[in-house]
Amino acid sequence: MKKISWHDLPLRRWLTLAPPFAWLALFLLLPFLLVLKISFADLKFGVPPYTPLAELKDEMLTLTLSLRGYALLFSDSLYISTYLSSVKMAAVTTLCCALIGYPMAYYIARSSPSVRNLLLLGVILPFWTSLLLRVYAWVGILRNDGLLNNFLMWLGVIDAPLEIYRTDLAVYIGLIYAYLPFFILPLYANLVKLDVRLLEAAYDLGARPWKAFLTITLPLSMPGVIAGAMLVFIPSVGEYVIPEMLGGADTLMMGRVMWTEFFNNADWPMAAAVTCVMVLLLLVPLVVFQYNQVKQLEVQKRRRNG
Amino acid sequence: MDNRSAASPWSGDADEFVRIEDIVKIYGDTVAVQSVSLSVRRHEIFALLGSSGCGKSTLLRMLAGFEEATSGRIYLDNEDITSLPPYRRPVNMMFQSYALFPHMTVEANVAFGLRQEGVPRNEIHERVFEALDLVQMAGYARRKPHQLSGGQQQRVALARSLVKRPKLLLLDEPMSALDKQIRQRTQIELVKILEQVGVTCIMVTHDQEEAMTMADRLAVMTEGQIIQCGTPQEVYTFPNSRFVAGFIGSTNLFTGTIVVDEADHVLIESADLTRPLYVNHGISEPLGMEVHVSVRPEHIRVLREQPESESNWGHGMVSHVAWMGSYARYQVRLDAGMVVEAAVPGQVLAQAEAPGLDDEVYVAWSSDSATVLPS
């Protein structure tokens, strides 16, 4: 198989590819490099509150790399457990979104087109309000004297209010609520394309409906599930607003640590180091996933050609 | 109305295997299939022929169990399968688009049906390769469907629908996804495989050539009803209506009124022809009634001299000649304006000096090649 290299691309292809690459370089790569730079600086009082990496003094270029942030990060167990806790919370959120979102996406995809648009609108509707407001609404619902507790006590199900607000449970509720649409939409886009004749073929060959779902629908919808899971997992790990507003003092998440370092401690290098490690943490599974995908595609192509 | 007694003509057939009794399918306010009754014999290849929207596919889907009949019953091998779900019917279908599972290998696709039955693993393997051998696809067992050509996919789909040894095989437009060049060869191959397996088969097609090539018997459908049912030769030779005559092959239709009605022949006067039409079979229509007479293009001769007979010919001018290889397709515009189509065999063309474009000619046919169509 011929390997495509950059030099083979004609000018026209370059022109179409350039804008997205420029966008990515300008708004993703450049800011990240700035953060990376800050993460290797040392703390300093002043504006900006960190030491420059390279200095030109007496016609001598001195490069000072400080690993203080990274050293602290790996020596203080607080940071490590925060990473673990963030990943765990994001993973549980993703799993719950999958369990709740799959049936919803499936139902929407199987509805008649007119109903389908209405349901999709329902999924997208929350985006019309600011996330901040919606999370505030959850504070109102989950508080000890909030809607949920009042309602349950009025029903007589409980005598004393349930302690949900300012616990991890509240954070889970908030995260699942906020990220559910991000799981539903890509999965819906996948499920709606599924050829119903494949299911008919499965029934025709003797598969009961649930067996047809497990052997046909589920495996064929995996790309949608993975896309949705990525869209939920990655932003959940770094989420700040929801754990801040719904979580307790002991709810450990990366977003809050970053905030504290940047704004409360004014320790920019430390905050930058925390950020860089988090990006790395998220990048590795993404790259592995992408690599596997490409490899699979290549294997398929080679088989087709061979 | 008691439909049981109306359905009795079929119950006498000892070979009857599939019996469709007064099947009706209504979607909302459209009637897709209206009161179809049909009987298919054991080991027969039966074709439902019609243009799109005629209800043939709906009928097939009701046989597979994907659609529920509004009323009527379907019997397979003396068992009422009308309300069985598709996964409990001893019926398998080869889909128009094949519907192969894209994430499974050829082997897994064929094995799928047997897995659902809980057949032991070594037996599955044996039967899968038996089926793949039958369609000559055993060498492709490890491939995925997208790595196969259209013809190969079709054979895998066939193996998949035969591997469970269904009592009834359904084919939905089996050739529509294939290139025209390989269709004819594939049709014959498919018939050979079906005969080898000995399975009863109902196929749906809009292609009359395909139905004539493959089917033992066929039914012509339009507007949710069966208009005529019989062997390809019967339906071609004795169409019972203008629709069937035009649908099965092409034909020339003369409109006229009956002027002489004897037991052994009728004479029909048509505004399209200066001479009357003489048809040597009696009909049940009354004198003076308007009827249509069908004459197939291959029965029409194109002559330079005026025929001696008193009837069954017309005068006109060649308006178009298409050389088809083994025959030439002539279009002759009659003096009254009607265009008659004639298929002239190659050897006839070679013998005489063949008429060319704009030549004055006579078209003629024998009295036994014309058929009177009442509707």
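Parameters and conventions
- Residues numbered from 1 in each chain as written.
- Chains lettered and ligands numbered in written order.
- Predicted model: local features only at pLDDT ≥ 70, side-chain atom pairs only at ≥ 80, totals over all residues.
- Helix = DSSP H or I, 4+ residues; strand = E, 2+ residues; numbered from the N terminus.
- Rg over C-alpha atoms; globule rule 2.2 N^0.38 Å.
- Buried ≥ 20, exposed ≤ 12 C-beta atoms within 10 Å, placed from the backbone.
- Contact = placed C-beta atoms within 7 Å.
- Bend = angle between axes of the 7 residues up to and from the residue.

A.B. asks: Please provide a residue-by-residue account of the overall build of chain A, values included.
C.D. replies: The number of helices and strands found in chain A is 13 helices and two strands. Whereas a compact globule of 306 residues would reach a radius of gyration of roughly 19 Å, chain A reaches 25 Å, over 25% beyond that. Across the 306 residues that make up chain A, the buried fraction comes to 28%. Looking at chain A alone, contacts between residues at least 24 apart form 69% of all its contacts between residues at least 6 apart.

A.B. asks: Outline the overall build of chain B, supporting the account with residue identities and numerical values.
C.D. replies: If you tally the helices and strands in chain B, you get 11 helices and 20 strands. Across its three principal directions, the C-alpha atoms of chain B cover 75 × 55 × 40 Å. Within chain B, the fraction of its 375 residues that count as buried is 40%. Contacts in chain B between residues at least 24 apart in sequence constitute 64% of all its contacts with a sequence separation of at least 6.

A.B. asks: Help me get a handle on the interface of chain B and chain A, residues and values and all.
C.D. replies: At the junction of the two partners, chain B supplies 17 residues and chain A supplies 16 residues. Mapped onto the side of chain B that touches chain A, the elements with two or more residues apiece are strand E6 (91–94) and helix H4 (106–117) of chain B. It is H4(B) that provides the largest number of residues to the side of chain B that touches chain A, a total of four residues.

A.B. asks: Let's hear about the environment of A:Phe127: which residues, and what values?
C.D. replies: All names here are of chain A. Looking at where phenylalanine 127 falls in the secondary structure, it is placed in the loop between helix H4 (113–124) and helix H5 (131–142). Here phenylalanine 127 falls in the exposed class, since 10 other C-beta atoms lie within 10 Å of it. In the structure, phenylalanine 127 is positioned 72 residues away from glutamate 55 in sequence and 47 Å away in space, judged by C-alpha atoms.

A.B. asks: Summarise helix H1 (residues 11–39) of chain A; cite the residues concerned and give the values.
C.D. replies: The sharpest bend along H1(A) comes to roughly 40°, located at A:Ala18, with the proline A:Pro19 sitting one to four residues further on. For H1(A), the tally of buried residues reaches only two of 29 residues, placing the bulk of the element at the surface.

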